[in-house]
Amino acid sequence: MCLAIPGKLIAITAMLDDTFRTGKVSFGGIQKEVNLCMVPNAQIGDYLLVHVGVAIGKVDEEEAVKVFSYLKNMGEVEELHIPEINK
Amino acid sequence: MKYLSEYRDPELVEEFIKEIHRITTKPWTLMEICGGQTHSLVKNGILEMLPDKITMVHGPGCPVCVTSVSVIDEAIFLAEQPNTILCSFGDMLRVPGSSKSLLEAKASGADIRILYSPLEAVQLAVQNPGKQVIFFAVGFETTAPANALSVVHAAQLKLNNYSILASHVLVPPAMEAILSDDENKIDAFLAAGHVCTIMGIEEYHPVASKYHCPIVVTGFEPVDLLQGILMAVQQLENGEYKVENQYSRSVQREGNVLAQNTIHKVFAISDRIWRGIGNIPQSGYEVNEEYKNFNARNKFNIDIPFAEENKECISGDIMKGLKKPKQCPNFGSKCKPEHPLGAPMVSSEGACAAYYHYADADSMLTI
Ligand code: SF4
């Protein structure tokens, strides 16, 4: 539960002010709502390192894809299967 | 043992292994901090690839393992209050408290929810204005920004039914506690990559120079771990003790400053009791004065006795690098993943569970 999991930012879903943005991130097809306030220059299409619903950094695509498949093999992406609460 | 071809970058893996064997002349003990690294080292058979002279021991970098029994009891106490929803990361549910686990409390009717993110707990508080929603905020520096952000967000929404039970732990003070132990055997550390994605690497310099201990910030894949080990052994063989960054693809020297700002907005550094290890001064985060209304310890009268640790579990010695899981008399007998006696048998990132699931019997018994 301590590792950040890379995923692709596919949509910006809310922008309350300049700093408080949320987006949809796809982790190999599983989509999660993610807070973007710690990666202010993240754009749609970027790959982000996400930890428990908060993006903490950016990574390049090749790295993101490799790390994700590694974590999946290791059974370290179970947390993504927890259903999101109803918004 | 795995075939080399199963690894990402198998040629690189092979090259690092050869190089580690070539340069190692003396016995060295290295500790990886992060439970994700422990899991990776054990599951991928890396321990068997290393020279006999190199011993890897497994550090305290798993929040499931180090959250104290008393804090588990606090969480259970809160969960059992009327009109309360206690939210937690899933891994914490099976950790034994002094008389039961959160899972057992849930089975007897407490409203305990497993969430992916603390920010969802804030949503739950919005949806349930008649209930107190408490998030069980455990974790290392990597998790602190998300937990802090949940408090900032709840404050912006002016919620008076959201709070967190913080049990945050910090890596550098734990390293110092291990290095200053009289029995310390650690010659070098592999520091945890994603912790440093948040915090950067500067705070490790004083530790490296005070204890003459090389620290290499390392990722968690086999090729990362082998490169981190190589860099650490190289320093040890040369008599150096620097902070190096193997994981520069994710770790910047200064870390993520916005994330650090969020942490410092909500948390103050505090003493923290580590399960199995005991109190380590200034080794945790607690909610600060400004946000005290979001601190469950401040908001509720948590009236429980201090819980003693289970003496049968030697997890403290394991996390300090003094013993290996299989040296615990209960390993695999009284203590198994289905009925854990101690916390490191619970999550796959705990050293005992990693050895139970993957390790090849006796090759790792010696220390
Ligand atoms: S095997 Fe069980 S009792 Fe022994 S140290 Fe590990 S968790 Fe504790």
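Preceding block: the structure.
Residues numbered from 1 in each chain as written. Chains lettered and ligands numbered in written order. Predicted model: local features only at pLDDT ≥ 70, side-chain atom pairs only at ≥ 80, totals over all residues. Heavy atoms only, no water.

Asker: Hey, could you run me through the interface of chain B and chain A in this one?
Answerer: Size of an interface: often given as the accessible area lost when the parts come together. Listed as interface residues are 43 residues of chain B and, on the opposing side, 35 residues of chain A. Of the roughly 3400 Å² buried where chain B meets chain A, counting both sides, 65% is carbon and sulfur surface. Applying the counting rule to chain B against chain A returns one salt bridge. In this structure, Glu63(A) and Arg249(B) form a salt bridge, with 2.6 Å as the shortest nitrogen-oxygen distance. At the boundary of chain B and chain A, one finds 11 residue pairs in polar contact (both at pLDDT 80 or more). Among the secondary structure elements, those contributing two or more residues to the side of chain B that touches chain A are helix H2 (35–43), helix H4 (63–66), helix H7 (118–127), helix H8 (144–156), helix H10 (193–199) and helix H13 (257–266) of chain B. Partitioned by chemical class, the residues of the side of chain B that touches chain A number 20 nonpolar, 16 polar and seven charged. (Contact = heavy atoms within 4.5 Å. Buried area = accessible area lost by both parts, 1.4 Å probe. Salt bridge = Lys/Arg side-chain N within 4 Å of Asp/Glu carboxyl O. Polar contact = N/O pair within 3.5 Å; in protein donor to acceptor, adjacent residues only side chain to side chain. Helix = DSSP H or I, 4+ residues; strand = E, 2+ residues; numbered from the N terminus. Nonpolar A, V, L, I, M, F, W, Y, C, P; charged D, E, K, R; others polar.)

Asker: Help me understand empty space enclosed by the protein in this model?
Answerer: Rolling a probe over the atoms, with the probe sized like a water molecule, indicates the empty space that remains. Scanning all chains against the criterion turns up four cavities of 30 Å³ or more. Estimates place the volume of the largest cavity at around 110 Å³. As for the largest cavity, its lining consists of 16 residues, and the residues nearest its centre are Cys2(A), Cys34(B), Thr142(B), Ala192(B) and Val195(B). Elements that contribute at least two residues to the lining of the largest cavity include exactly strand E1 (28–34) and H10 of chain B. Among the elements that make up the lining of the largest cavity, the one with the highest residue count is H10(B) (three residues). (1 Å grid on protein atoms, 1.4 Å probe; cavity = no way out; pocket = protein on both sides within 12 Å on 5 of 7 lines; lining within 4 Å. Points joined across faces, edges and corners; volume = space filled by probe spheres on them.)

Asker: Please clarify how the environment of Leu225(B) should be interpreted in this entry.
Answerer: Residues and elements named next belong to chain B. On the secondary structure map, Leu225 appears in helix H12 (residues 222–238). Along the chain, Leu225 and Pro145 lie 80 residues apart, while their C-alpha atoms are 26 Å from each other. Those residues in contact with Leu225 that sit more than four places away from it in its chain are Gln37, Ser40, Leu41, Ile46, Leu190, Thr218, Gly219 and Phe220.

Asker: Would you mind showing me how to read the packing of H2(B) against H12(B) here?
Answerer: Packed helices, taken two at a time, are described by the angle between their axes plus the distance between the axes. All names here are of chain B. Look at H2 against H12: their axes get within 10 Å of each other, and the N-to-C directions meet at 100 degrees. As summarised for this structure, H2 and H12 are arranged roughly perpendicular, according to the angle between their axes. Each of Gln37, Ser40 and Leu41 in H2 lies in contact with H12, whose residues at this interface are Pro222, Leu225 and Ile229. Here the contact of H2 with H12 is built from residues that sort into four nonpolar, two polar and no charged. (Axes fitted to C-alpha atoms, helices over the stretch in contact; angles between N-to-C directions. Parallel < 35°, antiparallel > 145°, perpendicular 65-115°, else oblique.)

Asker: Would you explain the layout of surface pockets in this entry?
Answerer: Put simply, the largest pocket is a space of about 430 Å³. In terms of lining, the largest pocket is formed by 23 residues, of which the most central are Met1(A), Glu78(A), Asp91(B), Ser347(B) and Ser348(B). Tallied by class, residues from the lining of the largest pocket come to 12 nonpolar, five polar and six charged.

Asker: Hey, could you run me through the pairing of strand E5 (residues 132–139) of chain B in this one?
Answerer: The two faces of a sheet get side chains in turn, since along a regular strand they alternate between them. All names here are of chain B. With seven of its eight residues buried, E5 lies for the most part within the structure. Across four bridges, strand E3 (residues 84–88) lies against E5 in parallel orientation. Bridged to Leu86 within E5 is Ile134. In the sheet, E5 pairs with strand E6 (residues 162–169) via seven bridges, with the strands oriented parallel. Bridge pairing in E6 links Ile134 to Ser163. The parallel pair E5 and E6, bridged by H8, forms a crossover whose chirality is right-handed. (Buried < 20%, exposed > 50% of the residue type's maximum accessible area, 1.4 Å probe, protein only. Pairing = 2+ DSSP bridges. Right-handed = clockwise from strand over helix to strand, strands pointing away.)

Asker: Looking at this model, I keep getting lost on the side chain of His39(B). Mind explaining?
Answerer: Position of His39(B) relative to the elements: it lies in helix H2. The exposure class assigned to His39(B) is buried, which follows from its relative accessible area of 1%.

Asker: So what exactly am I meant to see when it comes to the nonpolar core here?
Answerer: Soluble, globular proteins show a tendency: their nonpolar side chains are buried together. All names here are of chain B. If you look at the biggest cluster of nonpolar residues, it comprises 127 residues, and the most contacted ones within it are Tyr162, Phe189 and Phe267. In contact with Phe267, other than residues within four places in its own chain, are Ala144, Asn147, Ala148, Ile164, Ala166, His168, Tyr285, Glu286, Val287 and Asn288. Among the nonpolar cores identified, the runner-up in size contains 40 residues, and Tyr7, Ala188, Val223 and Tyr355 belong to it. (Core = buried A, V, L, I, M, F, W, Y, C linked by side-chain atoms within 4.5 Å.)

Asker: Help me understand helix H1 (residues 61–73) of chain A in this model?
Answerer: It helps to recall that an α-helix has 3.6 residues per turn; residues three or four apart then point in one direction. Given a rise of 1.5 Å per residue, 13 residues ought to cover 18 Å, and the 18 Å separating the end C-alpha atoms of H1(A) matches this to within 8%. Of all the positions in H1(A), only Glu63(A), Ala64(A), Val67(A), Phe68(A), Tyr70(A) and Leu71(A) are classed as buried. End-on view of H1(A): buried residues confined to an arc of 165 degrees, all on one side of the axis. Opposite the buried face of H1(A), by more than 90 degrees, sit the exposed residues Glu62(A), Lys72(A) and Asn73(A). The secondary structure elements touched by the buried residues of H1(A) are strand E1 (5–15), strand E2 (21–27), strand E4 (47–51) and strand E5 (54–59) of chain A together with H2 and H12 of chain B. Once H1(A) finishes, Gly75(A) follows within two positions and takes phi at roughly 70 degrees, a positive value. (Expected span 1.5 Å × (residues − 1). Arc of directions from axis to C-beta.)

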